[in-house]
Every structure is written in C-alpha cells, then in structure tokens.
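The lines below spell out each chain.
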Amino acid sequence: METLNFRFENGVRRLKADPELVGVVSSGNLEVLIENAPLGGACAIEVKTAARGFGAIWEAVMNDFFQRWRLADTRISINDMGATPAVVSLRLDQAVEAAVEESK
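Note that this is a predicted model, so its numbers are computed, not measured.

**Here's the deal with the nonpolar core**
Part 1 of the reasoning: If you look at the biggest cluster of nonpolar residues, it comprises 27 residues, and the most contacted ones within it are Ile45, Trp58, Met62, Leu71, Ile76 and Ile78.
Part 2 of the reasoning: At six residues, helix α1 (residues 55-69) tops the list of elements feeding residues into this core.
Part 3 of the reasoning: With residues near it in sequence (within four places) discarded, isoleucine 76 still touches Val32, Leu33, Ile34, Cys43, Ala44, Ile45, Glu46, Phe65, Leu71 and Leu92.

**Comments concerning the sheet that holds strand β4 (residues 43-49)**
Part 1 of the reasoning: The five strands are arranged β1-β4-β5-β3-β2 in an open sheet whose pairing can be described as mixed. Pairing within the sheet leaves two strands with one partner each, and these edge strands are β1 (2-8) and β2 (20-23). Adjacent strand axes in the sheet meet at a mean angle of 15°, parallel and antiparallel pairs treated alike.
Part 2 of the reasoning: Bridging between β1 and β4 involves seven bridges; their strand directions are antiparallel. In the strand pairing of β4, phenylalanine 6 is matched with isoleucine 45.
Part 3 of the reasoning: The strands touched by α1 within the sheet are β1, β3 (30-36), β4 and β5 (74-80), with β1 carrying the most contacts at an inclination of about 30°.

**Quick notes on the side chain of aspartate 93**
Part 1 of the reasoning: Within the element layout of this structure, aspartate 93 appears in helix α2 (residues 85-102).
Part 2 of the reasoning: Taking the relative accessible area as the measure of exposure, aspartate 93 reaches 18% and is therefore buried.
Part 3 of the reasoning: A distance of 2.7 Å separates a polar atom in the side chain of aspartate 93 from a polar atom in the side chain of arginine 68.

**A short note on the pairing of β2**
Part 1 of the reasoning: Strand direction decides the pairing type here: β2 and β3, joined by four bridges, are antiparallel. Following the sheet pairing, glycine 23 is matched in β3 by glutamate 31.
Part 2 of the reasoning: Count of turn residues in the β2/β3 antiparallel hairpin: six residues, of which glycine 28 carries a positive phi of about 75°.

**Focus on the pattern of salt bridges**
Part 1 of the reasoning: A complete count under the given rule lists four salt bridges for this structure.
Part 2 of the reasoning: The partner of aspartate 64 in a salt bridge is arginine 68, with the nearest N and O atoms 2.3 Å apart. Of this pair, aspartate 64 and arginine 68 both sit in helix α1, separated by four residues, roughly a single helical turn.
Part 3 of the reasoning: Measuring nitrogen to oxygen at the nearest pair gives 2.7 Å for the salt bridge that ties arginine 68 to aspartate 93. Placement of arginine 68 in helix α1 and of aspartate 93 in helix α2 is noted, with a sequence separation of 25 residues between them.
Part 4 of the reasoning: A single network of salt bridges, built from pairs that share partners, joins Asp64, Arg68 and Asp93.

Calculation criteria
- Residue numbers run consecutively from 1 along every chain, following the written order of its sequence.
- Only residues with pLDDT of at least 70 are given local features in this predicted model, and only at 80 or more are side-chain atom pairs given and counted; all residues enter the totals for whole chains, interfaces and linings.
- Heavy atoms throughout the structure, all of them, feed into the side-chain values; hydrogens and water do not.
- For our purposes a nonpolar core is just a set of buried Ala, Val, Leu, Ile, Met, Phe, Trp, Tyr and Cys residues, chained together by side-chain atoms within 4.5 Å.
- To sort residues, take the accessible area from a 1.4 Å probe on protein chains only and compare it with the maximum for the residue type: under 20% means buried, over 50% means exposed, and anything in between is partly exposed.
- To qualify as a helix, a DSSP run of H or I must reach at least 4 residues; to qualify as a strand, a run of E must reach at least 2; elements of each kind are numbered from the N terminus.
- Any pair of residues with heavy atoms lying within 4.5 Å of one another is described as a contacting pair.
- In this scheme, strands are said to pair when DSSP sees at least two bridges between them.
- All axes here are fitted lines through C-alpha atoms, helices being fitted over the stretch that makes contact, and every angle between N-to-C directions spans 0 to 180 degrees.
- Think of a polar contact as two N or O atoms within 3.5 Å of one another; within protein, one of them needs to be a possible hydrogen donor and the other a possible acceptor, and neighboring residues in sequence only count if both atoms come from side chains.
- Each reported salt bridge corresponds to a side-chain nitrogen of Lys or Arg within 4 Å of a carboxyl oxygen of Asp or Glu.

Geometric descriptors of this kind do not, in isolation, establish any biological role.
Printed below as a string of structure tokens:
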C-alpha cells in the first residue's frame, strides 16, 4: 500500500451534511469518505492505494477535483484498489454531491 497526502488551501465551499461514504473497496474501484473538519479553510485528502507509483496521476486528479469544488474545512479519505482516474473523479463528485444534497 502507498499513502499519498494532498492539501489545498483557500477553499470557499463548505459541506453542510454529515460524513458521506460512497463506493466500494474492490478490484478496480475505491471508497471515498468525505467529512467536515476544522482545517482553517483547507481541504485535506489522504489516499491509500494498492497501485504504487502513480503519485503524479493522483496529484493531477486531486488538483482537478479541487478546482471544480474548491472545498473548505473538508477531510477526504480514499481507499483505492486500482481505480482509473475517471472512476476516482466520479466517486469524488458523488461524495460531494451526496454531502451537499443531504442538507436540503
């Protein structure tokens, strides 16, 4: 397993819901836990992945995700079993949308 950590400062959007868990840890898939956290306006993402050596790809996907959502005071935990970048983006978007919709 490889653990990657990303932190993005100056987010502007806060989640209003309780923690959300989406996805399933299985071959070619991943789970995402998203929750509020007092991070001074930052978004912290921890990735635990079975696929070693893909740090640059993870970084690109996380940068793209943060640019779309600009989350603040948010902690995201990802457990990955070899998901493609498209699946990673899909699960991240599902998690945010579920957290936002829960508050309506």
